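# Analysis of the macromolecular model
For reference, the chains in residue letters:
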Amino acid sequence: MSDATPMNPGPIKPRPITVPIVRERKAGPKLTMVTAYDHPSASIASDAGIDIILVGDSVANAVHGFEKTLSVTVDMMIMHSAAVERAKPLSLIVVDMPWMSYHVSDEEAVRNAGRLIREGGASAVKLEGGANRVATIERILAAEIPVMGHLGLTPQSVNAMGGYKVQGKAIEDAQQMIADARALEAAGVFSIVLEGVPDVLAAAITEAVDVPTIGIGAGDATDGQVLVFHDVLGLGGGRYPKFVRSYADLRAGAIEALERYAADVQSGAYPSEAETYHVRDEVARMLADGGALSDRTQSSSSPSS
Ligand code: KIV
């Protein structure tokens, strides 16, 4: 039984993060967001007090081994988002609308966003693009689905951009991105991811809009930061982009642990007595003598009399 009384309500339960809470964080403290694509990573992110879990379409690269995010489908995003939701994280769950799920028509975009919320259990969707996406965003918002914007190096445009390149380096491109951010804000997005943009441009956009900006490879002036789960924890092999800071080397730790497991299996050190199930001594003796086996074989094969 709890000791809580009206005068002493007991320990304060941590509050789940909601879309209005994220909006208020324009005033600080800075927002933290990481990707998560499954139950254990969502539970870890939530327990670490991360504000927002992004079920990102980077699942294509980080988990499925695809080269581009263009390979993921709505059904894949629903499966990953639902696994995240089952962890019941306190973090806000935002799910990426994959490529071609909002490009064909606004009707299809609303239907797909609805599936990501209803079947995927997310609280909001994210989609890439600026002024060119405003009409679609307005339709999704009209269905009461909160939308996060995404500007700069938008990986779904990799073919149009000619590769993964920092965006907004020329003054006209930078001005266009500021206009895009204002258009997204006017449409009603609750926050905007800025990916792969120079720090001064990210600072200018952060200044220009009243919704929080969340940067990745966008310097330190944004209202929050986002990184891919596997990058922060050092789970991926190979080289990371310049903006990534890994706070652990879990890949090395995992390899070392699996090597020790394999060595223990081979030496017989695993499993030990304590890791083994046992039966009563008399049953063990019968089994060791082969008695139990022959009795059972006889009774099942001999005709009943
Ligand atoms: O899918 C993803 O991981 C993203 C982040 C890079 C923002 O969209």
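Before any of the text, the structure's been laid out above.
Below is a short write-up of the structure. (Residues numbered from 1 in each chain as written. Predicted model: local features only at pLDDT ≥ 70, side-chain atom pairs only at ≥ 80, totals over all residues. Heavy atoms only, no water.)

## Remarks on the site of the ligand
Around the ligand, the structure places Thr35, Leu54, Gly56, Asp57, Ser58, Asp96, Lys126, His150, Val193, Glu195, Ile216 and Val228. Serine 58 is positioned with one of its side-chain polar atoms (N or O) 2.5 Å from an oxygen atom of the ligand. Between the ligand and the protein, one listed contact pairs an oxygen atom with a side-chain N or O atom of lysine 126 at 2.9 Å. Summarising the interface, the protein chains cover 95% of the accessible area of the ligand, which totals 260 Å² for the free molecule. Across the shell around the ligand, the residue classes break down as four nonpolar, four polar and four charged. (Near = heavy atom within 4 Å. Polar contact = N/O pair within 3.5 Å; in protein donor to acceptor, adjacent residues only side chain to side chain. Areas by Shrake-Rupley, 256 points an atom, 1.4 Å probe, with all protein chains shown as cover. Nonpolar A, V, L, I, M, F, W, Y, C, P; charged D, E, K, R; others polar.)

## Side note on the packing of helix H6 (residues 134-142) against helix H8 (residues 171-187)
Remark: H6 packs on H8, axes separated minimally by 9 Å, with the N-to-C direction vectors making an angle of 25°. The angle between the axes of H6 and H8 places the two elements in the roughly parallel class. Seen along the crossing, H6 lies across H8 with a hand that is right-handed. Contacts from Val134, Ile137, Glu138 and Leu141 of H6 reach H8 at Ala183, Leu184 and Ala187. When grouped by side-chain class, the residues that make up the contact of H6 with H8 number six nonpolar, no polar and one charged. (Axes fitted to C-alpha atoms, helices over the stretch in contact; angles between N-to-C directions. Helix = DSSP H or I, 4+ residues; strand = E, 2+ residues; numbered from the N terminus. Parallel < 35°, antiparallel > 145°, perpendicular 65-115°, else oblique. Left-handed = near helix turned anticlockwise from the far one by under 90°. Contact = heavy atoms within 4.5 Å.)

## Side note on the side chain of aspartate 51
Tracing the chain through its elements places aspartate 51 in the loop between helix H2 (39-47) and strand E2 (52-55). Of the polar contacts made by the side chain of aspartate 51, one reaches the backbone nitrogen of threonine 32; its length is 2.9 Å. In contact with aspartate 51, other than residues within four places in its own chain, are Ile17, Arg25, Lys30, Leu31, Thr32, Ser91 and Leu92.

## Points about the pairing of E2
Judged by which residues are buried, E2 turns out to be covered on both faces: Ile52 and Leu54 on one side and Ile53 and Val55 on the other are all buried. For the handedness criterion, the β-α-β arrangement of strand E1 (residues 31-35), H2 and E2 is classed as right-handed. Here E2 pairs with strand E3 (residues 92-96) via four bridges, running parallel. Within the sheet, the bridge partner assigned to isoleucine 53 lies in E3 and is isoleucine 93. (Buried < 20%, exposed > 50% of the residue type's maximum accessible area, 1.4 Å probe, protein only. Right-handed = clockwise from strand over helix to strand, strands pointing away. Pairing = 2+ DSSP bridges.)

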